Amino acid sequence: MSNNLRPETMERIATPELAEKFIAEQIAAVRQQVGDKKVLLALSGGVDSSVVAALLIKAIGKQLVCVHVNHGLMRKGESEQVIEVFGKQLDANLIYVDATDRFLGLLEGVSEPEKKRKIIGNEFIRVFDEESAKLEGISFLAQGTIYPDILESDGVKAHHNVGGLPEDIDFQLVEPVRLLYKDEVRVVGEALGLPHGMVYRQPFPGPGLGVRCLGAITRDRLHALREADAILREEFDKSGLAEKVWQYFIAVPDMKSVGVKDGKRYEGWPAIIRAVNTKDAMTATIEEIPYPLLHHITDRITSEVPGINRVLLDLTPKPIGTIEWE
């Protein structure tokens with residue numbers, strides 16, 4: 001489809017002025033496309049869907065219905081940030097679904113990574129379908145498709161296309177950032193007034209912490225992972241590494257080792273730090289983290305997070321190790 005390709009003449013959006021111009025053009029285009037009809041958006045809190053939501057709120061206000069499904073595998077504070085920014089500050093028409101128990105119930109005892117991903121993906125679609133079935137008069141589906149998605153997949157973004165939508169539903173797509181590269185989406189997000197931390201949020205897999213809580217997910221280990229990950233992110237922010245490293249996170253395997261706490265033997269899980277840089281996610285190099293910072297992060301995680309008694313550093317580039325563990 002020719003309209004899916006970025007015109008050669010299109011200037012790279014790198015300044016607030018160019019972003020403002022793009023926003024004004026898209027607002028006009030969306031209003032023309034949508035008229036007085038309603039638009040549905042699955043708002044994950046990721047960069048792309050957040051920028052699309054903010055843009056559409058500017059264009060059509062309450063005609064946009066945002067559905068945020070918390071599958072219980074979000075990072076610490078993420079769903080809360082979505083509610084704060086979109087529900088309160090931008091006064092969006094936001095439906096928040098806390099499906100934590102539902103997801104964790106289905107995942108109980110499932111240790112096979114592919115199976116976990118499938119359960120999370122399928123259930124997400126089911127929850128989204130249930131919510132959209134309750135709504136009247138939705139004519140459009142908005143998506144955070146960006147240009148690399150189109151180049152990679154001919155315009156269908158499988159994990160983004162909340163697509164288990166039944167074939168017979170005739171939603172037209174609204175994809176206002178489909179011709180933009182990720183760096184441009186961020187410039188537009190800042191121009192729309194979204195919080196810096198949301199706009200520069202690092203890539204996060206659809207299954208969320210589900211693929212970082214390795215093996216069968218238990219609530220206590222998931223909680224330990226979420227807390228340890230929050231400490232890593234906080235310390236990377238404070239030290240200025242957050243903007244220099246493409247992706248950094250903790251993985252917690254389903255194994256225990258013995259340690260010592262308060263003079264007693266203490267069994268706990270290890271927290272594995274992964275910090276990588278990449279241009280295209282096809283290959284990745286290991287980011288060097290200063291030892292004093294590693295010691296500080298280790299002290300904090302082992303003293304503040306119940307259940308974790310060791311901190312390990314993953315030094316494996318890609319290839320040979322994938323970015324995620326599962």
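So, here is what we can say about the structure in this document. (Residues numbered from 1 in each chain as written. Predicted model: local features only at pLDDT ≥ 70, side-chain atom pairs only at ≥ 80, totals over all residues. Heavy atoms only, no water.)

1. Notes on the overall build of the chain
Quick reminder of the rule: Think of it this way: any DSSP run of H or I at least four residues long counts as a helix, any run of E at least two long counts as a strand, and we number them from the N terminus. Atoms considered for the radius of gyration are the C-alpha atoms alone. The globule rule reads 2.2 Å times the number of residues to the power 0.38. Burial classification: accessible surface area is computed with a 1.4 Å probe over protein chains only, and a residue below 20% of its type maximum counts as buried, one above 50% as exposed, and the rest as partly exposed.
Across its full length, the chain holds ten helices and ten strands. For 326 residues, the compact-globule estimate of 2.2 N^0.38 gives 20 Å, and the chain sits close to it at 21 Å. Counting only C-alpha atoms, the chain reaches 70 × 40 × 35 Å along its principal axes. Each of the 326 residues in the chain was classed as buried or not, and the buried ones make up 51%.

2. So, helix 2 (residues 47-60)
Put simply, the rule is: Here, expected helix span is obtained from the residue count minus one, scaled by 1.5 Å.
Here helix 2 spans 20 Å end to end across 14 residues, near enough to the 20 Å set by a 1.5 Å rise per residue. Taking burial as the measure, the 14 residues of helix 2 include 13 buried ones, the bulk of the element. Looking one or two residues past helix 2, Gly 61 carries a phi angle of roughly 50 degrees, positive in sign.

3. Structural notes on helix 9 (residues 219-239)
Taking 1.5 Å per residue as the helical rise, helix 9 with its 21 residues ought to reach 30 Å, and the 30 Å between its terminal C-alpha atoms agrees with that figure. Where helix 9 ends, the next residue or the one after it, Gly 240, has phi of about 85 degrees, a positive value.

4. A short note on the packing of helix 4 (residues 100-107) against helix 5 (residues 113-133)
The following threshold applies: All axes here are fitted lines through C-alpha atoms, helices being fitted over the stretch that makes contact, and every angle between N-to-C directions spans 0 to 180 degrees. It is the rotation of the near helix from the far one that decides the hand of a crossing: anticlockwise by less than a right angle makes it left-handed, clockwise makes it right-handed. Contacts are assigned to residue pairs that have any heavy atoms within 4.5 Å of one another. Here the nonpolar group is Ala, Val, Leu, Ile, Met, Phe, Trp, Tyr, Cys and Pro; Asp, Glu, Lys and Arg are the charged ones; every other residue, Gly included, is treated as polar.
Between helix 4 and helix 5, the shortest axis-to-axis distance is 10 Å and the interhelical angle comes to 150 degrees. Classified by chirality, the crossing of helix 5 by helix 4 is right-handed. Residue-level contacts link Arg 102, Phe 103, Leu 106 and Leu 107 of helix 4 to Lys 116, Ile 119, Ile 120, Glu 123, Phe 124, Arg 126, Val 127 and Glu 130 of helix 5. For the contact of helix 4 with helix 5, the residue count by class is seven nonpolar, no polar and five charged.

5. Quick notes on the sheet that holds strand 1 (residues 38-42)
Definition in use: A strand pair is defined by DSSP finding two or more bridges across the two strands.
Within the open sheet, the five strands sit side by side as 3-2-1-4-5. Their pairing is parallel. What marks the edges here is a single partner per strand, and that holds for strand 3 (93-98) and strand 5 (172-174). Strand-to-strand twist of the sheet, defined as the mean angle between neighbouring strand axes without regard to direction, takes the value 30 degrees. Sheet analysis places strand 4 (residues 138-142) next to strand 5, joined by three bridges and oriented parallel. Looking at strand 5, one finds that Leu 141 is bridged to Leu 173. Contacting strand 2 (64-70) and strand 3, helix 3 (residues 78-89) crosses the sheet at an angle of about 165 degrees to strand 3.

6. Notes on the pattern of salt bridges
Spelled out, the test is: The working definition used for a salt bridge is a side-chain nitrogen of Lys or Arg within 4 Å of a carboxyl oxygen of Asp or Glu.
Here the structure, examined in full by the defined rule, presents 24 salt bridges. Here Arg 201 ties to Glu 78 by a salt bridge, and the two come within 3.0 Å at their closest N and O atoms. Placement of Arg 201 in the loop between helix 8 (196-199) and helix 9 and of Glu 78 in helix 3 is noted, with a sequence separation of 123 residues between them. One connected set of salt bridges, linked through shared partners, spans Glu 234, Glu 235, Lys 238, Arg 300 and Glu 304.

7. Here we look at the packing of aromatic side chains
Our working rule: For this analysis, a ring pair means two rings from Phe, Tyr or Trp (six-membered ring only for Trp) whose centres lie within 6.5 Å, classed as stacked if their planes differ by under 30 degrees, edge-to-face if by over 60, and tilted for the remaining angles. The rule is short: NZ of Lys or CZ of Arg within 6 Å of the ring centre and within 35 degrees of the ring normal puts a charge over the ring.
Tallied over the full model, the rule gives two aromatic pairs. Ring geometry for Tyr 147 and Tyr 181: centres 5.5 Å apart, planes at 90 degrees, overall edge-to-face. Placement of the pair is Tyr 147 in helix 6 (residues 147-153) and Tyr 181 in the loop between strand 5 and helix 7 (182-191), with a sequence separation of 34 residues. A relative accessible area of 6% places Tyr 147 in the buried class. Relative accessible area serves as the criterion here: at 25%, Tyr 181 is assigned to the partly exposed category. One cation-aromatic arrangement involves Arg 75 over Phe 204; the distance from NZ or CZ to the ring centre is 4.1 Å.

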